[in-house]
Amino acid sequence: MAAPQPFNLRLALGLVGILLASLMSGVGERVTQTVLTDVVGHFGFSHDEGSWLTTIYSAAEVSMMLLAGWLAVTFSLRRFAIGACLSLALFSLLVPLADSFPMMAGLRVAQGLASGSILPLLMMSALRFLPWHSKLYGLSAYAMTATFGPYLSAPLAALYGDLGDWNLVFWETAPVCLLAAALVSWGLPQDPLKLERCKQFDWLGALLGVTALCALVAGMTQGERLDWGNSPLIVALLTTGGLVFVTFLIHEWFHPMPLYKLQLLARRNFAFGIITLCTFMFLTLAAGTIPAAFLGEVQGYRPMQLFPVMLTMALPQLLLAPLVATLINRKSVDSRYVMATGLVLILISCLLGSQLTSDWNRDNFYLIEVLNTLGQPMVVVPLLMNATGALSPLEGPFATAMVNSLRALFTVVASTVYGSFLVTREALHTTRLGEALGLQGNQPAGLIQVDAASDITTRISEQASVMSYADAYLAIIPFVMALLILVMVLPIRAYPPQPAPAPAPQPEPAQRSQSQPPQSQLPQAQPSGA
């Protein structure tokens, strides 16, 4: 193991480079998904082709997160990070230049692989390079990839939409990644290659894991479009993915150098961290999506009009995450209670959001968003402290593979569940409202004051959308309640990082000579027969 690197400005700037690349890889893809319909139309692709562009990107990104930790250790973190940053910049520049769907699909796969290589490096770097008194600030930077990046996508998408140049959706990532590569190249130390690790690589585990993750991501992202169980393709993808993933976990348990070190789950705090982080993806997705979706669909807001609401969520995270790290860096503060307080704030925001009506505008969302803004870093930062507190630097790559690949997978799961929930609830409310009108004849009888049948249909659709978004807030509440119970039951109290104990002093030669007589004074063995 390499000697610990002294923490200085140069190393700090190298870590800033990895943070910038991590934030931009997430923000860039969120922006792409936000304006996917316009982008697909701009390139002349069909809706089905556009949906597969998202699927193959997500599958490539999740799969690479499984392997990134091993690759970074084998080829050195610095080399791997520079390669990932430059690759993401290159493919982001090339994607808008594609002149056919196969070329675009290939570039999107390459872009996903590069993006999935970057985020795991942030946690690895924080665990390895930061001194004990700054480690929590590194984890708070990682937390911002879950709380800051998702909310910046809508304002950026609005900006690019008003500028009218969809190439910027992809090109925005390139300059930041080039800057990140320069900072990493200058700041991070160069480790030697460890190509001998290739002989011990878990080839079967990699094949099983990548196959399972790709099948599960493809099945979930295409399920709604292909009607789930009525599609043989979706049934085959989800069944195959589930069975292969179980096989992968069994294989990993017995492999001497696994990609997933499942034995880490025996540590209560790490198991709690994995469960909570995966569940938390549902909370962040809904909090960041519902206001923008409601205001755009029901109130007809243009993207630029969503700027204030989304910036209310995004910008404070730059300050709140380090503040929470400062708070829990005190021995007198129990991080479990900080997490519980954050969950209570999110719970209150969901209860307020469930009162949603068609009269709401962006001003009605400010209090909800402020509560979410305060609550989310109060959950994520203590969560990471609890999960990583018992890990050694040597266990960092194993933890990184599990945390990041499962986080990415459950981001896809949360997005799929959220989308399917809205579609199902909207259809249900549309049916019930239509039946209510039918019971009173052809006239709305005061329920909706309109004359034309087309207007009635429009108003029913609007009210069904409003009710489905209110239901989405209510649907988050069971997840929050489950996490509140879990935080009080599963984790044991974790204390802030402490300095490593000093090595025991070696006895001086004089002390050794007093405690042990020299060899010449030891009794000599007598020869036999003397």
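Residues numbered from 1 in each chain as written. Predicted model: local features only at pLDDT ≥ 70, side-chain atom pairs only at ≥ 80, totals over all residues. Heavy atoms only, no water.

Comments concerning the overall build of the chain
If you tally the helices and strands in the chain, you get 19 helices and zero strands. Restricting to contacts in the chain with at least 6 residues of sequence separation, those with at least 24 account for 85%. About 23800 Å² of surface is accessible on the chain, with carbon and sulfur atoms providing 66% of the total. (Helix = DSSP H or I, 4+ residues; strand = E, 2+ residues; numbered from the N terminus. Contact = heavy atoms within 4.5 Å. Areas by Shrake-Rupley, 256 points an atom, 1.4 Å probe, with all protein chains shown as cover.)

A look at unusual backbone geometry
Leave glycine aside and you will find that most residues have negative phi; peptide bonds, for their part, are mostly trans. Even without glycine at this site, S76 takes up a positive phi of about 85°. Tracing the chain through its elements places S76 in the loop between α3 (47-75) and α4 (77-94). Given a relative accessible area of 1%, S76 falls into the buried group. Although it is not a glycine, D227 sits at a positive phi angle of roughly 70°. Within the secondary structure, D227 sits in the loop between α10 (203-226) and α11 (232-254). (Buried < 20%, exposed > 50% of the residue type's maximum accessible area, 1.4 Å probe, protein only.)

Some words on the nonpolar core
By size, the foremost hydrophobic cluster in this structure holds 145 residues, and its most contacted members are Y260, F270, F294 and F365. Ranked by the residues each element gives to this core, the list is headed by helix α12 (residues 268-297), at 14 residues. Setting aside residues no more than four positions away along its own chain, F270 makes contact with L264, L265, A387, L391, A399, M402 and V403. Counting eleven residues, the second largest nonpolar core, distinct from the first, contains A21, A84, L88 and A89. (Core = buried A, V, L, I, M, F, W, Y, C linked by side-chain atoms within 4.5 Å.)

Things to note about the side chain of S76
A polar side-chain atom of S76 sits 3.2 Å from the main-chain amide nitrogen of R79. In contact with S76, not counting residues within four places along its chain, are L71, Q190, D191 and P192. (Polar contact = N/O pair within 3.5 Å; in protein donor to acceptor, adjacent residues only side chain to side chain.)

Some details on the confidence of the model for the chain
Per-residue confidence for the chain averages 82 on the pLDDT scale, and 86% of its residues sit at or above 70. Scored below 50 in pLDDT, residues 439-443 makes two contacts in the model with residues more than four places away or belonging to other chains. In the model, residues 518-530 has pLDDT below 50 throughout and makes two contacts with residues more than four positions away in sequence or in other chains. (pLDDT = per-residue confidence, 0-100.)

A closer look at α10
With 24 residues, α10 should cover 34 Å at 1.5 Å per step; its first-to-last C-alpha distance of 33 Å lies within 8% of that length. The principal kink in α10, of about 30°, is found at M220. One or two residues past the end of α10 sits D227, with phi positive at roughly 70°. (Expected span 1.5 Å × (residues − 1). Bend = angle between axes of the 7 residues up to and from the residue.)

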